[in-house]
Amino acid sequence: MKITVSSTGLSALDRPRMPMIALVVFALALAVFFVFPDRLSLAAYIGIFALFALSLDLALGMAGIVTLGHAAFFGVGAYTAGWLALAGWQEPITGVVISGLCAAALAGALGPFILRLTGLPLVMVTLAVGVFLFEAANKLTWLTGGDDGLYGMTFSPVLGIFEWSIYGTTDYLYVLAWLALAFYGCHRLTTSNFGLALRGVRENRLRMSLLGSSVLAQLTLAYALSAFIAGVAGALLAQTSEFVGLEVLSVEKSIDVLVILVLGGVGHLYGALLGAPVYLLIKDMSKEWNPHAWMIIIGFMLVFVMLVARGGIHGVLHKVIERSRGKLPNGEPR
Amino acid sequence: MTDNLLEAIGLQKSFGALKVAQDVTLRLRPGERHALIGPNGAGKSTLLNCLVGKLIPDTGSVMFDGQSVLGRKPYEINQMGISRVFQTPEIFGDLSVQENMMIPCFAKRDGAFQMNALTAMSSQRDVIEKAEEMLVEMKLADKRHMHAASMSRGDKRRLEIAMCLSQDPRLLLLDEPTAGMARADTNNTIDLLKQIKDERDITIAIIEHDMHVVFSLAERITVLAQGTPLVEDTPDNIKGHPKVREAYLGESQDAA
Ligand SMILES: Nc1ncnc2c1ncn2[C@@H]1O[C@H](COP(=O)(O)OP(=O)(O)OP(=O)(O)O)[C@@H](O)[C@H]1O
Ligand SMILES: [Mg+2]
């Protein structure tokens, strides 16, 4: 079975550029810092999920790895950051990097086995890995705290200067900096030759291997890079909330991040930046109103995206911008 | 018999109870254009699949330039110098024509995507130039920004041939390259394949139903029927061969 990600509205004709959308999103994100000083914890949380969704876009959007188990890497990152802090390693930046590396190592070990699969079997196996890790963490209470989670950790100030505050000011800027860095890195990667090779793998594994390239090695590398970023996102959640709960490994988290990416738009990197605020803000706003309402709203949005706007929010914005410039939707690229 | 570029001997391949290849032998001499003909379902595509590692034959041996091909991964076989064009074009549908062309050029330049982060991130300019050169040569340059999937079947085929050629393979395997093409395109393809042969040191094996193509291109012909090779000979001898007329040419001439 072959799942073509093209059905998500992906087109090579608009290769990822470092465009307006990214600049506008990051400018807005900075504006949030001044306009909503009392909502910065939520904003940091949104930033973390944007980062998580970005990691999924690298695997799914670029390399075509369809997965329902990405929370495995998010969770490993979160627990690693928690364990490091509890063991006395409280420097946050190195903590994040080490956590990301642990997640990448797991993906690097799994990749050669599971990435031979495509389509539904791959989805099922990634799901199984996710469920296995969740149950393992649930059972190993001495290690993970089980249901109670890991708590009581503290982190030293960022760069030794910026103290963590209960208003989340440091948290937010810290998350935003990681997000910007990761976005830039992903952008460089996807526009590079390696990024082109990954899209080749996504489009046609047979052709790729009959052009002399080891598809499995490329997929594994992409998977590990993606897991690194997911691990970074998990570590940031642990550091900003000073807590690691079992739910970081849950299947719900894997689904959340997939929905965020599909809503935002798969395969252009910007989808992650757009989907996370929309998804989490709707969730947050409707919480006070009716705890189940957000599910319904998100459900309708998903149906809408699947039926009429395959490119998600990014796709819609892209079309609007192209129209306003007087270009046809599928006009000359570049 | 080390002077053959490729020697497939005693290949057998079954899908369940269906014996698709029974004791198939194929010998390709260096630099020749060799046609593989035979009725539908004779096992021609299956034979090529065994040569490039897409299928693993049940028994038999495949030697390329004195080295065994069996047991190697498809990408390793490709790196030995065998390129394959498929019956249904295998291209990167959702990428632009230019990007399709860039991938093999990049693979060739960087030793098939060795995982060297530095070369992977490095300049694309020479890759783009090489891709452009190939596109111009194959008269696809004006379609460079087109979505590959939306091209005509003939153009897709030309693109796939271009992608394979840009690798400078020593052996090019073509599976019905002119199927579904208009006469003019077919003739262009014949000219192209002759020209390729004149310009490069390349051996070509071509599966073809169109006898016009076969007899304009082939220097030697192997006839397959029901999974066994009937004869291997020069075109002139094949034309007059009674067994071949019976098994193949009779049919196709009636149909045509
Ligand atoms: N993967 C497969 N599984 C089962 N049967 C197969 C498979 N591939 C091919 N076959 C069968 O093997 C036989 C030979 O197929 P093959 O494609 O090699 O023939 P061919 O000579 O290329 O024919 P054509 O001229 O129609 O392309 C056919 O009967 C086909 O149905
Ligand atoms: Mg065939």
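Since this is a predicted model, take the numbers as computed values, not measurements.

Peer 1: Whenever I open this one, the coordination of the magnesium ion (ligand 2) confuses me. Can you help?
Peer 2: Six octahedral donors around a metal ideally sit at 90 or 180 degrees from one another, while four tetrahedral donors ideally sit at 109.5 degrees. All names here are of chain B. The coordination sphere of the magnesium ion (ligand 2) contains the protein donors Ser45 (OG) and Gln87 (OE1), at a distance range of 1.9 to 2.2 Å. Note that serine 45 is positioned in helix 1 (residues 44-52) and glutamine 87 in the loop between strand 6 (82-85) and helix 3 (97-109), a separation of 42 residues in sequence. For serine 45, a relative accessible area of 22% gives the class partly exposed.

Peer 1: Sorry, what's going on with the site of ligand 1 here?
Peer 2: Residues and elements named next belong to chain B. Lining the immediate surroundings of ligand 1 are 13 residues, of which Asn40, Lys44, Ser45, Thr46 and His209 lie closest. Within the contact set of ligand 1, an oxygen atom lies 3.2 Å away from a backbone nitrogen or oxygen of alanine 42. A distance of 2.8 Å separates an oxygen atom of ligand 1 from a polar side-chain atom of lysine 44. Within the complex, the protein chains bury 61% of what would otherwise be the 630 Å² of accessible surface of ligand 1.

Peer 1: What is the right way to look at the nonpolar core in this model?
Peer 2: Most often, soluble globular proteins keep nonpolar side chains buried together rather than apart. Formed by 149 residues in total, the largest nonpolar core has its most connected members in A:Leu51, B:Met101 and B:Leu159. No other element matches helix 2 (residues 40-62) of chain A, which puts 17 residues into this core. The two domains that each donate at least three residues to this core are domain 1 (1-81 + 169-256) and domain 2 (92-168) of chain B. Setting aside anything within four residues of it in sequence, one finds A:Leu51 in contact with A:Trp178, A:Leu179, A:Ala182, A:Ile229, A:Val232, A:Ala233 and A:Leu236. Ranked by size, the runner-up nonpolar core spans 29 residues in total, among them B:Ala21, B:Val24, B:Leu48 and B:Val62.

Peer 1: Whenever I open this one, the domain arrangement of chain B confuses me. Can you help?
Peer 2: Accessible area lost upon the coming together of the parts is a frequently used measure of interface size. Residue and element names in this part refer to chain B. Under the domain assignment used here, chain B contains domain 1 (1-81 + 169-256) and domain 2 (92-168). Of the roughly 1200 Å² buried where domain 1 meets domain 2, counting both sides, 58% is carbon and sulfur surface. By the criterion of area lost to domain 2, the three top residues of domain 1 are Pro169, Leu192 and Arg200, representing 39% of everything that side buries. Taken together, the connections running from domain 1 to domain 2 amount to four residue pairs in polar contact (both at pLDDT 80 or more). Within the residue set of the side of domain 1 that touches domain 2, elements represented by two or more residues are helix 2 (74-80), strand 7 (171-175) and helix 7 (183-199). It is helix 7 that provides the largest number of residues to the side of domain 1 that touches domain 2, a total of five residues. Here the residues of the side of domain 1 that touches domain 2 are counted per class, giving nine nonpolar, four polar and six charged.

Conventions used here
- Residues numbered from 1 in each chain as written.
- Chains lettered and ligands numbered in written order.
- Predicted model: local features only at pLDDT ≥ 70, side-chain atom pairs only at ≥ 80, totals over all residues.
- Heavy atoms only, no water.
- Donors = N, O, S within 2.8 Å, 3.2 Å for Na, K, Ca; no water.
- Helix = DSSP H or I, 4+ residues; strand = E, 2+ residues; numbered from the N terminus.
- Buried < 20%, exposed > 50% of the residue type's maximum accessible area, 1.4 Å probe, protein only.
- Near = heavy atom within 4 Å.
- Polar contact = N/O pair within 3.5 Å; in protein donor to acceptor, adjacent residues only side chain to side chain.
- Areas by Shrake-Rupley, 256 points an atom, 1.4 Å probe, with all protein chains shown as cover.
- Core = buried A, V, L, I, M, F, W, Y, C linked by side-chain atoms within 4.5 Å.
- Domains from an automatic or database assignment.
- Contact = heavy atoms within 4.5 Å.
- Buried area = accessible area lost by both parts, 1.4 Å probe.
- Nonpolar A, V, L, I, M, F, W, Y, C, P; charged D, E, K, R; others polar.

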